[in-house]
Each structure stands twice: as structure tokens, then as C-alpha cells.
Amino acid sequence: MKFTAAMSAMVLITLVDVHAQTEPGQMETAAILSTIETMTDAFAAGDVGGVMSAYEAGATVVAEPGMPVTGEGALREMFAEFIAQGVAFTYGAHDVVTSGDVALHLMKWTAPGPEGDMVALSVAVLRKQPDSSWKMVIDHPFGDAVMHADAVR
């Protein structure tokens, strides 16, 4: 009887410990996904300011493969141009990996193109901010382009 009670107590302590270890990770993942959702919702609404709120000052976004854009003015102009062109995206599943105050976010997206739907893998690096929010530092919507490249640079 004492053995069973002791085993039950150990299992309960282990479960509480596992819960304590995963809950912060789940909370961080939710916060990261909230940043991504803020950006994608703002983009769909044509709100450049809302889009920019998801990025850290000095962030870099790859406007198209091989063309990174950095700086608030250049990013605002780029996003405004995409919005004005009526670019619309459908977003797929998310994957988030965190290590301390840095996170990697992966997401499939699809957009209609002149030659049919474009499909790509968005790869974003986020950093936790002093207020515990997460902001994108690098956003590469064409993260899988290297898989389709003919030559290695």
C-alpha cells in the first residue's frame, strides 16, 4: 500500500513537472502565433501600420527571392505596394521552434499568380521583446526557394 502511494505521488510530481515545463513553451508559441496573425490580418486589411507592428526595428523582409528589404521606410513602401497590387495569401499550417528569446516560425502560404497558384514556405525569425511580446527580425516568405535553385552560391 505504501509503495502504491509513493508511486502515485512520484507520477503526480512528474506530471506536474512536465506540465510546468510545457506550459511556458505553449504560452510562448501562442504569443509567437499571435504576432504572425497580427501581421497576416493587418496585411489582409490593408493596414501597413499593423503589418509593421509585427516587426522589430531594423527587420529584414525578403520581398522576392534574392531581394531583401531593410528599414522602416523601405518596408512600409514594399508592403503598401503589395497591398495596392491586391496580393492575397492563403496561409497553411504553422510550426514554431523556440530557443530562449529566439524563435523560428515556418508556414506554408499560397497566392494566386498569373501562371497559377504560387506556393512557398515562409521562414521567419522572431525575437522576444522586453515587454514579453515577439517581433519578427527576419521574414523570408520564399524560404524554400533554395530547394528549387539550380546553382549553389
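Refer to the preceding data block for the structure.
Residues numbered from 1 in each chain as written. Predicted model: local features only at pLDDT ≥ 70, side-chain atom pairs only at ≥ 80, totals over all residues. Heavy atoms only, no water.

The next thing to look at is the pairing of strand β4 (residues 102-111). Pairing of strand β3 (residues 90-99) with β4, which is carried by eight bridges, proceeds in the antiparallel orientation. In the strand pairing of β4, valine 97 is matched with leucine 104. From the end of β3 to the start of β4, which pair antiparallel, there are two residues, and glycine 100 there has a positive phi angle of about 65°. Sheet analysis places β4 next to strand β5 (residues 118-128), joined by ten bridges and oriented antiparallel. Paired with alanine 103 across the bridge in β5 is leucine 126. Here β4 folds back onto β5, and the loop between the two strands holds six residues, one of which, glycine 116, carries a positive phi near 110°. (Pairing = 2+ DSSP bridges. Helix = DSSP H or I, 4+ residues; strand = E, 2+ residues; numbered from the N terminus.)

In this sheet, strand β6 (residues 134-140) lies alongside β5 in antiparallel orientation, the contact comprising six bridges. What sits directly across from lysine 128, in β6, is tryptophan 134. The loop that links β5 with its antiparallel partner β6 comprises five residues; one of these, serine 132, has a positive phi angle of about 75°.

Further remarks concern the packing of aromatic side chains. A complete count under the given rule lists six aromatic pairs for this structure. On the basis of an interplanar angle of 80° and a centroid distance of 6.5 Å, the ring pair of phenylalanine 43 and phenylalanine 79 is categorised as edge-to-face. Here phenylalanine 43, found in helix α1 (residues 2-45), pairs with phenylalanine 79, found in helix α3 (residues 72-84); they are 36 residues apart in sequence, far enough to count as distant. Seen in terms of ring centroids, phenylalanine 89 and tryptophan 109 are 5.1 Å apart; in terms of plane orientation they differ by 85°. Their pairing is edge-to-face. Of the two residues, phenylalanine 89 sits in the loop between α3 and β3 while tryptophan 109 sits in strand β4, which places them 20 residues apart along the sequence. Joined through ring pairs, the aromatic side chains of Phe43, Tyr55, Phe79, Phe89, Tyr91, Trp109 and Phe142 make up one cluster. (Phe/Tyr/Trp six-rings, centres within 6.5 Å; stacked < 30°, edge-to-face > 60°.)

The volume enclosed by the largest pocket comes to roughly 650 Å³. Around the largest pocket, the lining is made up of 36 residues, and of these Ala63, Phe82, Phe89, Pro141 and Phe142 lie nearest the centre. The greatest single-element share of the lining of the largest pocket, amounting to six residues, is contributed by α3. When grouped by side-chain class, the residues that make up the lining of the largest pocket number 27 nonpolar, five polar and four charged. (1 Å grid on protein atoms, 1.4 Å probe; cavity = no way out; pocket = protein on both sides within 12 Å on 5 of 7 lines; lining within 4 Å. Points joined across faces, edges and corners; volume = space filled by probe spheres on them. Nonpolar A, V, L, I, M, F, W, Y, C, P; charged D, E, K, R; others polar.)

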